[in-house]
Each structure stands twice: as structure tokens, then as C-alpha cells.
Amino acid sequence: METAHNFLQRVLTHAISSAFTELSSTETLADVTQCEQEQFGHYQCNSALRLARLLKLPPRAVAQKIIDAIGLEDKKTFSNISIAGPGFVNFTFAAEALSKQLQTMLLDEFLGAAIPKKREKIIVEFSSPNVAKELHVGHIRSTIIGDCLARLFEFLGQDVLRLNHIGDWGTQFGMLIAYMKIHASDVLNGAIATDPQQLLIWYKAAKKTFDADPDFKKTAQSEVVALQSGKPQSLHAWKMICDISRTGFQEIYQLLNVHIEERGESFYNPQLKSIVDELDQKGLVTISEGAKCVFLDGFKNREGEPLPLMIQKSDGGYNYDTTDMAALKYRIFTDRADRIVIVTDVGQSLHFQMIFAAGEKAGWLDLKRTRVDHVGFGLVLGTDGKKFKTRSGETEKLIDLLTEAVDQARNMIVERMPEASRHEIDHLAKVIGIGAVKYSDLSSHRTKDYTFSYERMLRFEGNTAVFLLYAYVRINGIKRKVGADIAELMRSEVMCLAHPSEISLGVHLRRFGEVLQSVAEDLLPNRLAEYLYHLAEKFNAFFRDCRVEGSAEENSRLILCELTAKVLKKGLNILGLETVDRM
Ligand code: ARG
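None of these values were measured; they are calculated from a predicted model.

Parameters at a glance
Residues numbered from 1 in each chain as written. Predicted model: local features only at pLDDT ≥ 70, side-chain atom pairs only at ≥ 80, totals over all residues. Heavy atoms only, no water. Axes fitted to C-alpha atoms, helices over the stretch in contact; angles between N-to-C directions. Helix = DSSP H or I, 4+ residues; strand = E, 2+ residues; numbered from the N terminus. Parallel < 35°, antiparallel > 145°, perpendicular 65-115°, else oblique. Left-handed = near helix turned anticlockwise from the far one by under 90°. Contact = heavy atoms within 4.5 Å. Nonpolar A, V, L, I, M, F, W, Y, C, P; charged D, E, K, R; others polar. Buried < 20%, exposed > 50% of the residue type's maximum accessible area, 1.4 Å probe, protein only. Pairing = 2+ DSSP bridges.

**Concerning the packing of helix α16 (residues 398-416) against helix α17 (residues 422-442)**
Across the interface, α16 lies against α17 with an axial gap of 7 Å and an inter-helix angle of 125°. It follows from the interaxial angle that α16 and α17 lie oblique. In this structure, α16 crosses over α17, and the sense of that crossing is right-handed. Contacts between α16 and α17 involve Leu-402, Ala-405, Val-406, Ala-409, Arg-410, Met-412, Ile-413 and Val-414 from the first element and Ile-425, Asp-426, Leu-428, Ala-429, Lys-430, Ile-432, Gly-433, Ile-434 and Val-437 from the second. By residue class, the composition of the contact of α16 with α17 is 13 nonpolar, one polar and three charged.

**Notes on the environment of Cys-35**
Positionally, Cys-35 belongs in the loop between β1 (32-34) and β2 (43-45). Judged by its relative accessible area of 10%, Cys-35 falls in the buried class. A sequence separation of 57 residues divides Cys-35 from Thr-92, and the C-alpha atoms of the two residues are 9.6 Å apart. With residues up to four places along the chain from it excluded, the contact list for Cys-35 reads Gly-41, His-42, Tyr-43, Gln-44 and Asn-90.

**Some remarks on the sheet that holds strand β5 (residues 121-125)**
Think of a sheet as strands paired side by side through backbone hydrogen bonds, with each pair either parallel or antiparallel. Taken together, the five strands give an open sheet; going across it, the order is β7-β6-β5-β11-β12, and neighbouring strands pair in parallel fashion. Each edge of the open sheet carries a strand with a single partner, namely β7 (261-262) and β12 (371-377). In this sheet, β12 lies alongside strand β11 (residues 339-345) in parallel orientation, the contact comprising seven bridges. Across the sheet, residue Arg-339 finds its bridge partner in β12, namely Arg-371.

**A few points about unusual backbone geometry**
Within the chain, Ala-132 stands out as a residue other than glycine whose phi angle is a positive 70°. Of note, Ala-132 is situated in the loop between β5 and α7 (137-155). On the accessibility criterion, Ala-132 (3% relative accessible area) is buried. Although it is not a glycine, Arg-336 sits at a positive phi angle of roughly 55°. Position of Arg-336 relative to the elements: it lies in the loop between α14 (320-333) and β11. Judged by its relative accessible area of 63%, Arg-336 is exposed.

Remember that the coordinates give geometry; whether it matters functionally is a separate question.
Written out as C-alpha cells, the structure reads:
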């Protein structure tokens, strides 16, 4: 379905080009935005001022000419078109036309979103924790944001590949294997099992020993060589270690209900040599202090010296940069991605700008054919304003952070619904607790640091998961109470909005597709969160002002309720939240 914004832009662009035939096609493109204040209109056209300068005419006269050139049929969509201030044109939807559009939207599986004409292959790379190292809250942020973007593209009908670029290769394995051979050989030979927490403790101990003991350092380095040359015993130990870490990652994905395909750094290992060779042959490599580097225009360090991408260390080893170059090439040529979205903390943004620039220089990345986005996010802060730490410090399992949210949600529910069954309470606690963690993350602007607070995320009022879930519950309550057959109503009844609160809710519902489009563009989930928050508020205002049950408008209003419920549920699902029918 065409969004209201796209409809207006199309109609107005056409009106401008027919009113002013002297303009070129780039000059006629209409600038349409939503009105800030509903009493003036729903959308506005801002083009008259720009055109007035081009055409050397008074802006209000240009505005009038644009209005005159709108086709009669299209004009009927609006109850009011007026010129405001220096030459803005305001448009107010006619109640009848709006009702009709909403009815179409109700039966549309995409709920009014414009589906791209060409199905694109979109890679969303997210989560990407490191084996044996600490899984930190940043990885949870990446998981929540990445899952949301993937869900959005999936809803918009794209072909999405969700990739987990886990750090499962590198020198840390040499240290760890060397250490475990001495201190945990029965784990390596499979005699006893262990968990990711224990692995982290060994990893830290191994690192300490590595820094302090030159003999151990040598052993660790030879373990790296053995692993890289594919010695079966080393590969076996490596696989063992990855498996242990994986159980920890899976536990979290399961609780968050996130699906993701693992394609870690090790996957690209066999390709690294030829990546370096190719860049070398293309003349892009400079040797700097023994290391192979790619220098790129415009990238400088703090001292203003050129900052290279290092693709092979002086000892011959490959690193993070090499792997990312291999991943870029693979995703472009083998996966044939139209768009690549990578979700990590903002600290890595320079790294990816350099990878993309090097990809262009190598002739792999053509920005006209493949779109690349690094989606950066800020730190997670504790309520003390410092970098977030779990209660007992570093070694606490991250999963405890999530289960704590579930526990706090459970306490809240038990208090409010003493009659609920154990089973229902458990279910609600999970939906609300996990939903609250996700929502509080997604509703903040991702590039800013955000404060993690159980107390705040579980509030009933304000822009919170609970507030939105409750709005959904309320609509279901109304439907239950009236007991009408909604499916039948949707088929046989006509929606007919009249009250200002109904219109206001209706116009907002109509904008769902627009907000999805803008999130797909700018990759800012907080826009969707904010949209849903306003939706809930507008619904509450409608429900306060307009009687549903037993009113003359009962059927029409029930359909409006149904559409609100659908949009709310779909919007929350895109954010990764489940809904409940009662709470
Ligand atoms: N494993 C990395 C980390 O924990 C994130 C990986 C990001 N993706 C990439 N293609 N480099 O910081």
C-alpha cells in the first residue's frame, strides 16, 4: 500500500511539474513532511519557498498555483488544504477518505507499509561475542538492536541473512590451550565437562601467565602455530573450547528468543592468504615496520599521521582487519548481498569506515550496488552513571542480568494479580521482564550511552514496555467485553471516523508504514518505539473520549480498536517483544 507521505509526494510532484513546466525533474520533487501540530493539518508541503526563489515569484502565489494544479479526485482526499505563513501548504485528511484507507490497511498483511519492489538480500551481522572471553552487556545491546533490524527487514519482505560473527579464532587460543593442557587436561580430553564461566577464569589466568612467564609465552605461541597449521589435536582442543562458550551464548539467545546463524571469524581463515595476495597484486599494500598495511585517503590517527589498515602482522599472522576484509568480499560476491548492516559499539566505527574504504579501493565494494551500514551504539551505564557492572563484578553470568529482570517482573505481577496461576505468572514474568530489557534499550537513541535501570524499565507509566503491553491488553479487554465477532465485522462493516480523537488515532495508524520506512533507512529503532508510545497514548485518549460499547458507532470503533491492536502487536514484535492478552 502506498503510504500517505508517498501519496502526497507523488500528487504534489505531479502538481508542481504541471503548474511550472519550465522546471527540471529534479526541481519538481515535492518536499512533504508531517505537520508538527495537528490543528493545522496532517501533512505539509514545504516546496513553495524553494520554488519561489527559483521562479522569482512570491511564495504564497507559488503555493496557490500548486494547490490549483492538484487533480480533483486527489483533492477529495482532504477536508482542508490551506496556505500558512510564508507559503507552507497544509493538508488535512477528510474523515471519509481516511476511514477508507484504514480499512484497506486492516486487510493488508503489511499493515500499510510500502513493500520494496525488488526483494533485496540483506545481511544483518549482530551479537558477535568472543569465545572464551567475556560476554559483556555491549553484546546484549548488539543482539537486541540487530535482531530488531533483522525483524524489520523480514517484515518488509526482504531476504535476510542473520550472521553471528563470533570471535572464534586468534592468538587467545594459543594461550588458553597451553594453559588448559597444564591445568585442565581432563577437560581437553573430554573426561569432564565445564562451563563458560570456568573458561573465562582460565582465560584470565592464561593471560596473566603469558605476560609474566617467558617460557609459557613460547609454549603459547607454538600452540598458535600448531592450531594455524591445522594440527588435529589443536583443532580438537579449539573446537572443545568453542563448544563450551557456545552453550553460554545459546542460553542467552534462547531467553531473548533470537535466532542467528553462526559464521565466526574462523570461517574466513582459509581465505585470508588469498585476500592479502590479491590486495598485494592490486598494489594496495605498503610494508610498514614489517607489517603489510593498506593506507587509505583521509584516515589519520590523533597525531595526524596516516592510519593504515593492517592486514598482515610482521610475524606473518593475520588479524581482525584481514578477517573483516575477507568477510566483506565473501558477503558481496558469494552471498550477493544488496545491503550489509553491521551492529557493534560505536568504538568500532572507524574500523568499519576503513574496511569499507579499502573494499572500494580493492574494487569489491561498489556503493551504487551494495549498501553498507555500520550501526554503532553507545555504552550501557549503571544507575551510578558509570559503565555498567553486574552486581558481583566481572565474572557474573550475563544471563543473570536477564533473569533478574524476569524476577523483578514476577514480583510486580504477583502483587497485582494474586489470583493468577503459577503458569500464567511465569509466562507474564518472562514476557514483561525480557520485553522491558529490550524496550528500554531500543527506545533510547542507539548512538547515545544508555542507563540500565530495572526500576525505570519496569514502570507502568511513560515510554516503557509495560505501558505498551498494557495498552494492548486493554484493547483486548474491550473486544472481549463486547464479545463481537471481529473477523465478521472487518468483512461486513465500514469504518467511519468522526470524533477528533478518532481521527487523530486514525492518522497516526496510517503512519505505521512511514515509520518502518524511516527505520529501514536510518536504522534507528527508537523511532518505532516512540511511534508505538504515541499510538498507545492516542488510543488512551480515544478510549477516554469515545464510548465503544453500546454506542451508535460501536462497530466502527471496534474495527478501529482492532487495527490499533494489530499495529501495536506488529510494532512490538518488530522490536522483539511478545504480547499478552491479559495482565
Ligand atoms: N567480536 C567483536 C567484539 O566483541 C565484534 C565483531 C564485530 N564484527 C566484525 N565483523 N568485526 O568486539
